[in-house]
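Structural description and commentary
The lines below spell out each chain.
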Amino acid sequence: MRYILFIAAIVSLMTIEISAKTAWADSQNSATGILDGMVFIGHVGSKGEDANGEDEVVFQNGQFLSTSCSKYGFETAPYTATRDGSDITFTAATRSPRHGQMEWQGKIIGKEIEASYIWTKERWYWFDAYEENWLKARLKKD
């Protein structure tokens, strides 16, 4: 009986150690706040078309904000980011009480960001809204 308890204790300790190492490795590649403090300024447009506006995107306190979309009630939203070498990919989903939601995904390479976002809004009186857009921007200088 003691032998079985001893083996069970060792297996439990090994499982805890493996879990801790896996969590630490994941945290080195994927973290919520790794983009915090970065602000990018650039252009936006509809997919396949030229730019039709400007935007400033802000990463702060684990939150993502598109300032051009905030005029329409789109609020800050949590973002997730993953590092692959020097490149960082991110996702975020912003929502507006009146104008639907935007699903963002993008990549930061050096001081530049390229992202795409899909705006959707369900409507009871007309066709649902669905727009694919892009963002290309550079890191804002202090």
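None of the values given here were measured: they were computed from a predicted structure.

Each value, and the rule that gives it
Positions within a chain are numbered from 1, following the residues in the order the chain's sequence is written. Totals for whole chains, interfaces and linings use all residues, but because this is a predicted model, local features are given only for residues with pLDDT of at least 70 and pairs of side-chain atoms are given and counted only at 80 or more. Side-chain metrics in this entry use all non-hydrogen atoms of the structure; hydrogen atoms and water are not considered. The aromatic pairing rule takes the rings of Phe, Tyr and Trp, using the six-membered ring of Trp, and pairs them if the centres are within 6.5 Å, calling planes under 30 degrees apart stacked, those over 60 edge-to-face and the rest tilted. Each helix is a run of H or I in the DSSP string that is no shorter than four residues. Each strand is a run of E no shorter than two, and both are numbered from the N terminus. Each residue's exposure class comes from its accessible area (1.4 Å probe, protein chains only) as a fraction of the maximum for that residue type: buried when under 20%, exposed when over 50%, partly exposed otherwise. To qualify as a nonpolar core, a set must consist of buried Ala, Val, Leu, Ile, Met, Phe, Trp, Tyr and Cys residues joined through side-chain atoms within 4.5 Å. A contact between two residues is defined here by any heavy atoms of the two lying within 4.5 Å. Here a cavity means grid points, on a 1 Å grid over the protein atoms only, where a 1.4 Å probe fits yet cannot get out; a pocket means an open set of points with protein on both sides within 12 Å along at least five of seven lines; lining residues are those with an atom within 4 Å of a point. Grid points are joined across faces, edges and corners, and a volume is the space filled by probe spheres set on the points. Should a side-chain nitrogen of Lys or Arg be within 4 Å of a carboxyl oxygen of Asp or Glu, the pair is scored as a salt bridge.

1. Quick look at the packing of aromatic side chains
Here the structure, examined in full by the defined rule, presents 8 aromatic pairs. With 5.1 Å between their ring centres and 80° between their planes, Phe59 and Tyr79 make a pair best called edge-to-face. Here Phe59 is found in strand S3 (residues 51-60), whereas its partner Tyr79 is found in strand S5 (residues 77-84), with 20 residues between them in sequence. Each member of the pair Phe59 and Tyr79 is classed as buried. Judged by centre distance (4.9 Å) and plane angle (55°), the rings of Phe64 and Trp104 are tilted. Taken together, the positions of Phe64 in strand S4 (residues 63-66) and Trp104 in strand S7 (residues 100-109) put the pair 40 residues apart, joining distant regions of the chain. Cluster of aromatic residues (ring-pair linked, three or more members): Phe40, Phe59, Phe64, Tyr79, Phe90, Trp104 and Tyr117.

2. So, the nonpolar core
One finds Phe59, Phe90, Trp104 and Ile113 to be the most contacted residues of the largest nonpolar core, which totals 23 residues. By residue number, the principal contributor to this core is strand S8 (residues 112-121), which donates 4 residues. Excluding residues within four positions of it along the chain, Phe90 makes contact with Leu35, Phe59, Phe64, Thr80, Ala81, Trp104, Gln105, Gly106, Lys107, Ile108, Ile113 and Ala115.

3. Considerations on the environment of Thr67
Of note, Thr67 is situated in helix H2 (residues 67-70). We classify Thr67 as partly exposed; its relative accessible area is 27%. Setting aside residues up to four positions removed in sequence, Thr67 forms contacts with Asp55, Glu56 and Val58.

4. Regarding the layout of surface pockets
The probe, sized like a water molecule, is rolled over the atoms to show the empty space still left. Here the largest pocket is characterised by a volume of approximately 340 Å³. Along the walls of the largest pocket sit 16 residues, with Cys69, Tyr72, Met102, Tyr117 and Glu131 positioned nearest its centre. Of all the secondary structure elements, the ones that give two or more residues to the lining of the largest pocket are strand S2 (39-46), S3, H2, S8 and strand S9 (129-139). Per element, the largest residue contribution to the lining of the largest pocket is 3 residues, and it comes from S2.

5. Thoughts on the pattern of salt bridges
All told, the structure shown has 4 salt bridges when counted by the stated rule. Among the ionic pairs, Asp87 bridges to Lys107, the shortest N-O distance being 3.9 Å. With a gap of 20 residues between them, Asp87 in strand S6 (residues 87-96) and Lys107 in strand S7 connect regions that are remote in the sequence. Residues Glu112 and Arg138 are paired through a salt bridge, measuring 2.7 Å at the closest nitrogen-oxygen approach. Within this pair, whereas Glu112 is found in strand S8, its partner Arg138 is found in strand S9, the two being separated by 26 residues in sequence. A relative accessible area of 45% means that Arg138 is categorised as partly exposed.

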